[in-house]
Amino acid sequence: MKAEMEKIVSLSDGDSTAELQEYLSSLTDDQVLYKLRNRRRRSCILKVWYLSGSPPSAPEGCSRRLLLYQHCIPLCESGDLQADVAADIIGLLMLETHNLPGPSLAQLASLFVEAIKGGMMGSGKSLELFPTVLTALAACEAVSYGKGELSGEEYKKQLINSLCSSRDVPLAPEELQFVVEKVLRMFLKLELQEIPPLVYQLLLLSAKGCKKQILDGIISYFKEQDLRQEEERKDGESMDLEVQSIPQDQLRHVEGTTILHIVFAIRLDHELGREFLKSFKTSYGELCPFSIALLLSVARIQRYEEQVFDLLKGAIIKSYKDEQLQQGSKFLQDLLPEHCSVAHMILDTVKNSVFGWDHVTQGLVQLGFFLLDTFGPRPGPFGKASEGSATIAKSPTQQACKLGGRILLEGFKVHEPIRGEILEQVLNRLVTKTASPVNHFIELFSDIVVSAPMILLESSSKVTETFDHLSYLPLATVQGLLKAVQPLLKVSMSLKDALILVLRKAMFSSQLDGRKSAVTGFLLLLKNFKVLGSLASSQCSQTISSSQIQVDVHSRYNSAANEAFCLEILSSLRRCLGQQADVRLMLYEGFHDVLRRNSQLASSIMQTLLSQLKRYYEPEQDLLPPVKLEPCITAQGDQVFLQEPLVLCLHCSSYASVCVDDDQDEEEEGYQSELQTILESMTRRMIKSELEDFELDKSAEFSLGSSVGVKNNIYAVLVMGVYEVLIEYNFMKGNYSKSRFEELMELFNRYHKLADILKEKSGKGRVLSKTPRSLLTMGFVSTLLTMLFRDSTLSREEALSVLRSSGEFLRYSVSVALQKIQQLEETGHTDGPDGQNAEKTFRFLCDMTSVLMWRYTNIPSVVEEAGRKEKRSSLSLLCLEGLLRIFTTCQQRYPDKMAQLLSAMDISDDDTEPDNGNVTEITFFYIRQFQRALFTQLSGGEEEFNSKEAQLLVSILSVLSRQLKPSSQQFVQMITWTVKICKETKDSAFCKGLLSLLFSLQVLYKSPAGLLLELCQDIHSQLGDIDQDVEVEKQSHFAIVNMKTATTTAVSLLVLLLFLVLCAFLCVGEATQTADQQDPVEKAVTLQLGTLLTALNELVQTALLPGTCTDTLLRELTRTYTILTTLVKYCIQLCSGQQGVLPARFEKLVKLSGSHLTPQCYSFITYAQAKLLRETKAIPNLIFSIEQYEKFLITLSKKSKVNLMQYMKLSTSRDFRINAASLDAALQEQDGSQQTPVTQEAEETQEPKHKRRKQ
């Protein structure tokens, strides 16, 4: 062996290494390893010789070098070598690593990975070589991997991922946590495409623990990336530049892959799934578009589906509630950050899902329908579907329902695979949900039709199938569906033909609703298809979508065919004139819109109306009355029904007769002339007719309990309707003729006389208690009011004086206007032509507003009251009520047009006109007008004060104040004025409205806690203490709180109390989630709760009347203690953490609750039990919440080492109550008769009847 070593030394010292290489080649691998193992002391020198004699260019040299590396790595880890020798060997190997070929580097790297996984790395000295091996490996062009090849860089990634899979490495919990934290920190340093494999390995590692930490880290990373990209997008938009550090499509694809990995891991590890859902149950603040997409993907796993949708439902509703609360409170706006909307996150998820997130789209569809089904409108009383016109979503449930529709609409636009399913489910619900309102589904279907009509045509067969069910659906559903489908009918002849076929069948349906549906469909076709001369064939191309797709589908039809089509529809509709009154009613109402929108059909419609009208018109000019009422009714046994709605027929005929078209033909002129002749004759003869001619005099019976009474009621309604139609006709045709207006007044006098008879009879038994809905159109009423009150044209003055001289006619005109405004507020439309036209209706509303405002401000109600003896509202009060209804309707139906409405009120030339462009300024201008009117009321004497007018004025001020910006000077002035009125006014009539106004303004200006305390002190002072022996200090911050109003104030105050409690809830929740910035929130919450507890201390000592007020206070006390308990839990977390210090202000709050509130609560409970005389759940709930509060205070005392329970007094035992009266009686009996000792049985009989079990 010694000779061999000397030979190697001599060969290595020579000038050429050829002989050394030749000698080493003669040795086998075993011989080489044997020499190395037995020469450890000189191993470093030997390695130099072996390396110099093993050139990497030769296969044998590469093999020997690899053998040398494989021997030296374990040798350095064994610990047998001195530290400096091991370091020299590793340094030498690092220098030679770059000379190794790719396969050798791959084997070396695998050696390291296996050693690390197997835990064979002792000292870790050789790990210094591993990065050098990986760097050299990454520089290789190709490395064999499996049956193929990978680039050196890709091979390196595979090794890293394999190494990161530490499943086989035994780790202690703290070591595992360290590894997870280290890997998560590395996320930000890695390329984006390297993230999914690393996530996969982390998820494998989660089987050992740290599940929550891993999931939170992954979600936080992608949440941060999304926020960063959103900021870059906004910056790019503001600078007109495209700034993207990470391409959006690349990020979305990586997110999609990551979601797939996580869902796969959750399928295998249900504990991971439970941990994932648990993190979102406490707060929706952790949600983001990525986590929502992940939740929706997890929902595809059946066991998690219900949990995920319940979680999202709760998060959405809470988000909307918190947003609503924050928008309504200045205190919360200043304290909390801008609200994070879950709805926006979900819609962002829909947008992101376009990047191949097929695993998310199904969850989006399910979520959309889940929200629509859960939060859609509910059935009305008795299960009847109440279909009202859609209004702006205000409540959280309405907003959630709206969100469901938006999710499905956006999903329909961007995802082709789910379009069929969305459409099918929407149409299925329209067909199957006959007992529930479906207007939200109709709205969604309409939005789909408008936004993507050509896409929808691809699924037209589904729409056609739905048409087959039309005759079985509720009428409101049919109307909504057919209106929604109109754009499709204009571009698809097959769809239109299918609908017409269904409608023809429905016309002969045995069901009344089926026939009404047929009438609805045919009328919609006539209104929306101008297929006669009013539309040329070249104009039939319908542009119906934003993509400007034009489809010419009518080119194969000529003018004659179009005319035949319309006449055929009208022929089908004429059959309805022999059916029930409801069907005829729909037909007459529909003819209004057809005449307005498809004028070329006027001739045929007038012919139909004329022939129908003649059946009930008396042609003999000398005979009275001019109408035949008997054919208008029908009888079945003892019951009498309306058969012909003659008034609607007459009204439609009147409208057709005055709608003069310049280019009408002779035939149309003839029909129009004949209709006008009939109406003129009816006017003349109705004036001559007396009520006795209709058998409707004062002696007539109007009781609904008999068939004669029902018949007379029907006759009365018909006659009053005829009068109204003729009034409108004569006004429109009168051209301000005095004689015409005199005839009009004659008609009104007869109308009024009949209305008085009905009103008089309404107090005597079962008769019509409400005046029938007026048939006057809103456009006519608007014009009439303007002429009556604002028209100053001299040429018209004589004729208008005829109308103005009648106070009853003025009242009637304003009353009808109120009726029309109320109908608009409730349904979103009015009767007659233009009733469905939102723009024209709003214009009429503006005109009415101007007139009513002028009338109210120029003729004070005091002037009217002086000369009026009847106990009914004056004209000024009716105008004021109309203004209130208009403002309320505008806020509900036209919220963006309030400034436009107010601009129309040019009431005075004296005041400085406001800037019409500034909503706050113009609103405040009119607020001042109503403030002056209220001040005039309050400053007058008791005889001049009108409580109803004051209430209306306060209600109007409340509505208008919502238009003021809380940051404006006008808003501050409004608050100052309201506080001043509350402090000086003692009238009880409008106490509730005034306090409501004060509260609504105060919460938008600052925290109302101080106001609450002052009002509570005033109420306590007025109502007295629950302990009659205690004399309460007299206080009066607000004059409006007095003996008459104290109870009303207390009820109103509890509404404000609820608002403050909810605000405190939100703040406490925010404080527990923002540990890094909790001090400002914590301070504000503590101060707010301190004032709240002081106010409650006053209120619980007040002798409130039993009933709702007491119950409500008990519930608010329960909520308050729940908040305190939540705050205690938060402090427990603080003390358990690193801070470990209890805030001093919190200790003061605990002291306040223990010394002031809790003892008084128990006294109030005893007082409430004595007063209520009934069991209520509010009392045990309150006791439980107090005990829970004290329970967690004990825990906090132990954690913080501060004795908080020293402030809590021992509460009275709630196990039983001592009946004082029974006890006294028992003691007296015992004193009076010593011979008859009281037995145990007798004692038991003296116990109170109502024992209370321990809570």
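Residues numbered from 1 in each chain as written. Predicted model: local features only at pLDDT ≥ 70, side-chain atom pairs only at ≥ 80, totals over all residues. Heavy atoms only, no water.

Under the annotation held in an unreviewed UniProt entry, the chain carries the name FA complementation group I and is attributed to Myripristis murdjan.

When helices and strands are tallied, the chain shows 53 helices and six strands. A total of 1255 residues make up the chain; the buried ones form 50% of that total. Residue pairs at least 24 apart in sequence account for 74% of intrachain contacts in the chain once pairs closer than 6 positions are excluded. (Helix = DSSP H or I, 4+ residues; strand = E, 2+ residues; numbered from the N terminus. Buried < 20%, exposed > 50% of the residue type's maximum accessible area, 1.4 Å probe, protein only. Contact = heavy atoms within 4.5 Å.)

Position of Thr-1086 relative to the elements: it lies in helix α48 (residues 1078-1100). On the basis of relative accessible area, Thr-1086 is assigned to the buried category, the value being 8%.

Across all of its chains, the model carries 19 aromatic pairs by this definition. An aromatic cluster is defined as three or more aromatic residues linked by ring pairs; in this entry it consists of Phe-187, Tyr-221, Phe-222 and Phe-290. The side chain of Lys-983 reaches across the aromatic face of Phe-1038, ending 5.6 Å from its centre. (Phe/Tyr/Trp six-rings, centres within 6.5 Å; stacked < 30°, edge-to-face > 60°. Lys NZ or Arg CZ within 6 Å of the ring centre and 35° of its normal.)

Note on placement: Glu-825 falls in helix α37 (residues 807-827). In this structure, Glu-825 is in contact with Arg-885, Thr-888, Thr-889, Gln-892 and Arg-893, ignoring residues within four places of it in sequence.

Turning our eyes to something else, we now look at the pattern of salt bridges. For the structure shown, the criterion picks out 31 salt bridges. The partner of Glu-798 in a salt bridge is Lys-738, with the nearest N and O atoms 3.5 Å apart. Linking Glu-798 in helix α36 (residues 794-804) with Lys-738 in helix α34 (residues 738-762), this pair joins segments that are 60 residues apart in sequence. Relative accessible area serves as the criterion here: at 36%, Lys-738 is assigned to the partly exposed category. (Salt bridge = Lys/Arg side-chain N within 4 Å of Asp/Glu carboxyl O.)

At a minimum axis separation of 9 Å, helix α31 (residues 646-658) and helix α32 (residues 666-688) run at an interaxial angle of 125 degrees. Comparing the axis directions of α31 and α32 gives the class oblique. The way α31 lies across α32 gives a crossing that is left-handed. On α32, the residues touching Leu-650, Ser-653, Ser-654, Ala-656, Ser-657 and Val-658 of α31 are Gln-672, Leu-675, Gln-676, Leu-679 and Met-682. Its residues assigned to classes, the contact of α31 with α32 comprises six nonpolar, five polar and no charged. (Axes fitted to C-alpha atoms, helices over the stretch in contact; angles between N-to-C directions. Parallel < 35°, antiparallel > 145°, perpendicular 65-115°, else oblique. Left-handed = near helix turned anticlockwise from the far one by under 90°. Nonpolar A, V, L, I, M, F, W, Y, C, P; charged D, E, K, R; others polar.)

Glancing now at the pairing of strand β5 (residues 633-636). Regular strands place side chains that alternate from one sheet face to the opposite one. For β5 and strand β6 (residues 639-642), the ladder comprises four bridges, and the chain directions are antiparallel. In the strand pairing of β6, Ile-633 is matched with Leu-642. In sequence, β5 turns back onto β6 through a hairpin of two residues, with Gly-637 there showing a positive phi of about 70 degrees. (Pairing = 2+ DSSP bridges.)

As a further point, take the nonpolar core. Note on soluble globular proteins: their nonpolar side chains tend to be buried together. Ranked by size, the top nonpolar core spans 343 residues in total, and within it Phe-445, Leu-573 and Phe-887 carry the most contacts. Ranked by the residues each element gives to this core, the list is headed by helix α49 (residues 1108-1136), at 14 residues. Setting aside its immediate chain neighbours within four residues, Phe-887 contacts Thr-849, Met-898, Leu-901, Leu-902, Met-905, Phe-930, Ile-956, Val-959 and Leu-960. (Core = buried A, V, L, I, M, F, W, Y, C linked by side-chain atoms within 4.5 Å.)

Turning our eyes to something else, we now look at a nonpolar patch on the surface. On the surface, Tyr-200, Phe-264 and Leu-268 cluster together into a nonpolar patch covering about 330 Å² of accessible area. You can call Leu-268 exposed: its relative accessible area is 65%. (Patch = residues over 30% accessible without salt bridge, like charges linked within 9 Å, V, L, I, M, F, W, Y side chains within 5 Å. Areas by Shrake-Rupley, 256 points an atom, 1.4 Å probe, with all protein chains shown as cover.)

In this section: the UniProt feature "transmembrane region" (unreviewed entry) in the chain. The UniProt entry lists residues 1050-1068 under the feature "transmembrane region" (unreviewed entry), expressed in the numbering used here. Helix makes up 100% of residues 1050-1068 and strand 0%, whereas the separation of the span's terminal C-alpha atoms amounts to 26 Å. (UniProt positions renumbered as here; feature names shortened; annotations may be inferred.)

As for its placement among the helices and strands, Ile-975 is situated in helix α44 (residues 969-984). Along the backbone, Ile-975 and Tyr-1005 are 30 residues apart, and their C-alpha atoms lie at a distance of 8.4 Å. Leaving out residues up to four positions away in the same chain, Ile-975 has contacts with Leu-1001, Gln-1002 and Tyr-1005.

Following the sequence through the fold, Asp-513 ends up in helix α27 (residues 512-528). Put simply, Asp-513 and Val-583 are 70 residues apart on the chain and 8.8 Å apart in space, counted from C-alpha to C-alpha.

Count 3.6 residues to each turn of an α-helix, and residues three or four apart come out pointing the same way. Burial analysis of helix α15 (residues 289-298) places ten of its ten residues in the buried class, which makes it a mostly covered element. Where α15 is concerned, the buried positions are Pro-289, Phe-290, Ser-291, Ile-292, Ala-293, Leu-294, Leu-295, Leu-296, Ser-297 and Val-298.

Look at α49: 42 Å from first C-alpha to last across 29 residues, which is about the 42 Å you get at 1.5 Å a residue. Most of α49 is tucked away, with 21 of its 29 residues classed as buried. (Expected span 1.5 Å × (residues − 1).)

With that settled, consider the state of the cysteines. This structure, assessed with the given rule, holds zero disulfides. The structure places no disulfide on Cys-991, whose sulfur is separated from the nearest cysteine sulfur, that of Cys-982, by 8.1 Å. A residue is classified by how much of its surface remains accessible, and Cys-991, at 1% relative accessible area, is buried. (Disulfide = S-S within 2.5 Å.)

Moving on, we get to unusual backbone geometry. Along the chain, Leu-624 connects to Pro-625 via a cis peptide bond; the corresponding omega equals -10 degrees. Note on placement: Pro-625 falls in the loop between α30 (602-613) and β5. With a phi angle near 60 degrees, Tyr-736 is a residue other than glycine that sits in the positive phi range. Following the sequence through the fold, Tyr-736 ends up in the loop between α33 (707-734) and α34. Exposure remark for Tyr-736: the relative accessible area of 23% places this residue in the partly exposed category. The phi dihedral of Lys-1201 falls on the positive side, at around 60 degrees, and the residue is not glycine. Mapped onto the secondary structure, Lys-1201 falls in the loop between α51 (1178-1200) and α52 (1220-1232).

The next thing to look at is the confidence of the model for the chain. Residues at a pLDDT of 70 or more form 80% of the chain, whose mean pLDDT is 79. Note on residues 39-53: pLDDT is under 50 here. Beyond four places in sequence and across chains, it has 48 contacts. (pLDDT = per-residue confidence, 0-100.)

Interhelical geometry of helix α14 (residues 270-281) versus helix α16 (residues 302-327) gives an angle of 10 degrees and a closest axis separation of 11 Å. As the angle between them shows, α14 and α16 are arranged roughly parallel. Within the contact between the two elements, α14 uses His-270, Gly-273, Arg-274, Leu-277, Phe-280 and Lys-281 and α16 uses Arg-303, Tyr-304, Gln-307, Val-308 and Leu-311. Looking at the contact of α14 with α16 residue by residue, the classes come out as five nonpolar, three polar and three charged.

Relative to the helices and strands, Glu-424 resides in helix α21 (residues 419-432). Along the chain, Glu-424 and Thr-466 lie 42 residues apart, while their C-alpha atoms are 9.6 Å from each other.

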